[in-house]
Each structure stands twice: as structure tokens, then as C-alpha cells.
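Summary of structural features
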Amino acid sequence: QRLQLAISPAVQYSPGTIQLTAKVSPNADNRVLCLAIDGDTGFYRSSCITLNAEQAPITHQLRYRGLPEGQYKASAELRDNSQVLAQVSHPFQVL
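An account of the accompanying structure is given in this report. Every chain is numbered on its own, with residues counted from 1 as its sequence reads. The model is predicted, so local features are restricted to residues of pLDDT at least 70 and side-chain atom pairs to those at 80 or more, both for listing and for counting; the totals for chains, interfaces and linings are taken over all residues. With hydrogens and water excluded, all non-hydrogen atoms of the structure serve as input to the side-chain values.

Some details on the pattern of salt bridges
Let me state the cut-off plainly: Only one rule defines a salt bridge in this text: a Lys or Arg side-chain nitrogen within 4 Å of an Asp or Glu carboxyl oxygen.
A complete count under the given rule lists 1 salt bridge for this structure. In this structure, E77 engages R79 in a salt bridge whose closest nitrogen and oxygen atoms are separated by 2.5 Å.

Details of the sheet that holds strand 4 (residues 32–39)
Which entries qualify depends on this criterion: By the convention used here, strands pair only if DSSP detects at least 2 bridges between them. Comment: elements are numbered from the N terminus, with helices defined as DSSP H or I runs of at least four residues and strands as E runs of at least two.
The mixed open sheet is built from 5 strands, whose spatial order is 2-8-7-4-5. A strand with exactly one partner marks an edge of an open sheet, and here the two such strands are strand 2 (11–12) and strand 5 (44–50). Relative to strand 5, strand 4 runs antiparallel, the two sharing 7 bridges. Bridging across to strand 5, A36 finds its partner in S46.

Description of the nonpolar core
This is how it is decided: Residues belong to one nonpolar core when they are buried, are Ala, Val, Leu, Ile, Met, Phe, Trp, Tyr or Cys, and are joined through side-chain atoms within 4.5 Å. Exposed residues in this analysis have more than 50% of their type's maximum accessible area, buried residues have under 20%, and partly exposed residues fall in between, with area computed by a 1.4 Å probe over protein chains only. Contacts: residue pairs with any heavy atoms within 4.5 Å of one another.
Ranked by internal contacts, the top residues of the largest apolar core, which has 23 residues, are L20, L35, I37, L67 and F92. Among the elements of the structure, strand 1 (3–8), strand 3 (16–24), strand 4, strand 6 (59–67), strand 7 (70–79) and strand 8 (84–94) are those that each provide at least two residues to this core. In this structure F92 touches I7, A10, Q12, I18, I37, L67, G70, Q71, Y72, K73 and A74, once residues within four positions along its chain are discounted.

Thoughts on the pairing of strand 8
As paired elements, strand 2 and strand 8 share 2 bridges and run parallel to each other. By the bridge assignment for strand 8, V11 is matched with Q93. Bridge count for strand 7 against strand 8 is 10 bridges, and the pairing is antiparallel. Bridged to S75 within strand 8 is S89. The loop that links strand 7 with its antiparallel partner strand 8 comprises 4 residues.

A few points about unusual backbone geometry
Looking along the chain, the bond that leaves S8 and enters P9 is cis, with omega of -15°. Among the structural elements, P9 can be located in the loop between strand 1 and strand 2. Residues S14 and P15 are joined by a peptide bond in cis, for which omega reads -5°. One can find P15 in the loop between strand 2 and strand 3. One non-glycine residue, A53, adopts positive backbone phi at about 50°. Among the secondary structure elements, A53 is positioned in the loop between strand 5 and strand 6.

Purely geometric stuff here, so don't read any function into it on its own.
Shown next as C-alpha cells:
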């Protein structure tokens, strides 16, 4: 797999903290990794990381804090200079 995404924890109490861990297989086309969380309450956060092709680290971690109660989707998107190479997403919940 070119892109994998793990979230921890999958269920938590508000105000929540989620850690996203993305694993990117080395490839000369890899240029940008974007991680995001999107909640049903309008809460949205995202970050994009510039990758140095196959020289970039394999594992990337991001932590988002202060999440209000709701249903969420965590997503990762791997891009080259002009297109999306891979996408993955997982649901999680803040009680």
C-alpha cells in the first residue's frame, strides 16, 4: 500500500485529542502529504507536509487537541506535483 493511516484513540471523551499516524511508501513521485479531521459539528483541521520524494521519512504523526463532541472522519491524501496519488480515511468519535 502506498499510504496507510492509523488513528488513536478511535473513541474518546470531549475535549478530545486524536493522533493521526500516516505511513507513506517511499516513491520518487511523493511531494505532499495532507492530514485532516472533519467533524459533523463543523470542526475541521488540516495540515500539509512537504515530502522530499523517496528521501522523506516513512512515518508522519500529527496530533489535534480540543475536539468537541461529535462524529469525525480522519483522512490522509498523498499527492505529486499535479494529482492525488492515494487517499485513505477512517471514522472516529468524541463523546
